[in-house]
Amino acid sequence: MLRLSGLSKTYPNGTQALADVTLDVPQGEIVAFVGGSGCGKTTMLRLIAGLEQASKGRVELDGETLTAPHPAVGVIFQEPRLLPWLTVAQNIGFGLSALSRAEREARVEEALLRVGLAGYGGRWPRELSGGQAQRVAIVRALVARPKVLLLDEPFSALDAFTRASLHEHLIGLWEAHKPTLLLVTHDVEEAVTLADRVIVLQPKPGRIFAEPTLDLTRPRDKVGHDFADAKRRILAALDGSLQAPSPTRPREEIAGAWW
Amino acid sequence: MSSADTAASRSRAAAPPRGGFAARAPSPRALLGLLLPLALALGYEIAFRLGLVEARLLPPPSRVFATLAELARSGDLLTHASATLARVFAGFVFGAVAAILLGALTGSSALARRLLDPTLQALRAVPSLAWVPLFIMWFGIFETSKVTLIAVGVFFPVYLGVMGAIASVDRKIVEVGRVFRLDRVALARRILLPAILPDVVIALRSGLGLGFMFVVAAEIMGASEGLGYLLLDGQQLGKAAQIVAALIAFAVLGKICDGLLAAAARPFLRWQDSFARAGGEG
C-alpha cells in the first residue's frame, strides 16, 4: 500500500506546486493522474521518487516513510534517459549490480524478449528508435522488480501507433509482477486505456479535484460505449478542474518543476 | 569496470564487431588528400632540376630526404627525437594530471570554482612564453624549466576542457544515477566519468598539440639536443634541408602521438563511433 498523506510542496521561489494531496493506492493498482499544466503532477512523482523533499506531509510505502530514492520505487521519465555509453543490455542491467552475473544476464535476456527486443542487447542506445529506447527504459526500471513504478508522461513524445504498442507492452510487463503504477499523462485516452483509477488534478496549487468512476474491464474495448463514456466523464471533470476557483492567489508556474 | 557493466558482454559478443581497425583502413578516397602535397613536391623537384628555383633557401625534396636519411643513419634523428619526446611526455603528464585534478574540482564544486577559477583564468591570460624568463631564473636553463613550460602550455586547454565537461554533464542523466541510489563514488565512476570522457579526450589531444608547440620554444631557447635544437642549428649553419627535415620529423611525431592518444581512447568511446554503422545494420 502506497500512502500519500497531506503531501505539499512549495518551491523556494514561493510557487506552491502541490497542496495537501492525500491518497491511498493498494498494491498492484494502476492509477493515472491527469490535469492541466501546473497541477503538480510531475512534482508529485518527484516527491514519491525521493528526488525532492516534501514541504509538508509524507509518502509511505507499506508503512515505511520515503524521503530518498528507494529500491522498491522505479521511475520512468518522459525521455528514455538511457546511458549512451552502455549497450542496451548494460543499460537494462544498470540497477542490478547486487545480483550475480548469471542471474543478471538471465533477467536482462528475459526482459528483452518480453518487449520484443531480443537480439538488441548489444546495440547502442543511439541505434534505437524512440519507441525502442523507451521500451528499454521501461524494462530498465522493471527488471529490479519494484513495488511501485512512477511514469511521468513516458509516451508523450511517441507517435500514436508506437504509443499503442507500448501500452500493450506496459500492461504485459505489469501482469508479470503486478507493481503499483502511478502514471502521469496529458492523454485522457491513455489514462482510460491503462488505469484502474483516474484522478483529475486541479492546478495552482496542484491538488486532487475529482476521481471519475471507470467501470471498465480488461482488456479494454477501446471502441466500446463504456470506454467512450469513461472518457467523457474524465474530460468533464478536467473541464471543471480548470474552471474551479483557486483558493490561493494564482501564480505563474515557474520552471522549478522540470524533470 | 563494474560487474553490472559487463552484464551484456555475452550478448554483445554475438553482435558483429564495431569500431575495429579493419573498418578504418584508408579508402582510395582518403588517399586523395595526399595528391596535393605530392604534386607540389614533385613540381618543386622538377623546377629545381630545370634550374628554375634557387635551392639555398628551400631545398628540393630529394635533398631533404637525403638529409633525413643521413640523420637517421647516424642515429642523430633518434637522439634528437627521443629528447624532444621525453620532454613533451614529462610536460604533458605533469600538466594534464594537474589540469584534470583542478578541472574536476572546479567543475564539480561551485565553491572551488569561485575560489580558484578566477586566479587560474588570470594566469591563463598570461601568454605562456612570457613565463620563460622567470622559469629560467627559477629552474635554470636545463630540463626543469623546459618541462615546466610545456606543462604550463598543456595545463590550460586540458583544465578548461575538463571543467567545462563536468559542468555540462546532463542533469537528467545524473538523476538516473540518483534513482538507482548510486553513492558519490559510484555516481562519479559510472555516470560522470563516462559522460565527460569524450570531451576530456579532445582536451587532452589539444593539450598534446600545445605541448609540441612549447617544446619547440623551449628547445630553441637553448638545448644541446632535441628537434628544436636541430632547427636552430640548421638556421645558424644555413642548412635549410636540416630545418625542413626537423619540421617533417615534428609533423610525423605529432601525428603519431595524437594518433596513439586517440587510439588509446577509442575502446572507451566506441559508443560514439557507431553512427555510420547504425544505418547499415538497422
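A brief look at the structure comes next. (Residues numbered from 1 in each chain as written. Chains lettered and ligands numbered in written order. Predicted model: local features only at pLDDT ≥ 70, side-chain atom pairs only at ≥ 80, totals over all residues. Heavy atoms only, no water.)

By the definition in use, this model includes 19 salt bridges over all chains. A salt bridge links A:Arg58 to A:Glu60; its shortest N-O distance comes to 3.5 Å. Residue A:Arg58 is classed as partly exposed on the basis of its relative accessible area, which comes to 43%. On the basis of relative accessibility, which here comes to 16%, the residue A:Glu60 falls in the buried class. Three or more residues are tied together by salt bridges with common partners; here these are A:Arg46, A:Glu52, A:Glu79, A:Arg81, B:Lys172 and B:Glu175. (Salt bridge = Lys/Arg side-chain N within 4 Å of Asp/Glu carboxyl O. Buried < 20%, exposed > 50% of the residue type's maximum accessible area, 1.4 Å probe, protein only.)

Next up on the list: the side chain of A:Arg81. Relative to the elements of secondary structure, A:Arg81 occurs in the loop between β6 (73-76) and α2 (88-92). For A:Arg81, a relative accessible area of 6% translates into the label buried. Looking at A:Arg81, its side chain comes within polar contact range of the side chain of A:Glu79, at 2.7 Å. Polar side-chain contacts of A:Arg81 include one of 2.9 Å to the side chain of B:Glu175. (Helix = DSSP H or I, 4+ residues; strand = E, 2+ residues; numbered from the N terminus. Polar contact = N/O pair within 3.5 Å; in protein donor to acceptor, adjacent residues only side chain to side chain.)

Right, let's talk about unusual backbone geometry for a bit. Residues and elements named next belong to chain A. With phi around 55°, Asp20 is a residue other than glycine that occupies positive phi space. If you trace the backbone, Asp20 turns up in strand β2 (residues 16-25). Assessed through its relative accessible area of 53%, Asp20 is described here as exposed.

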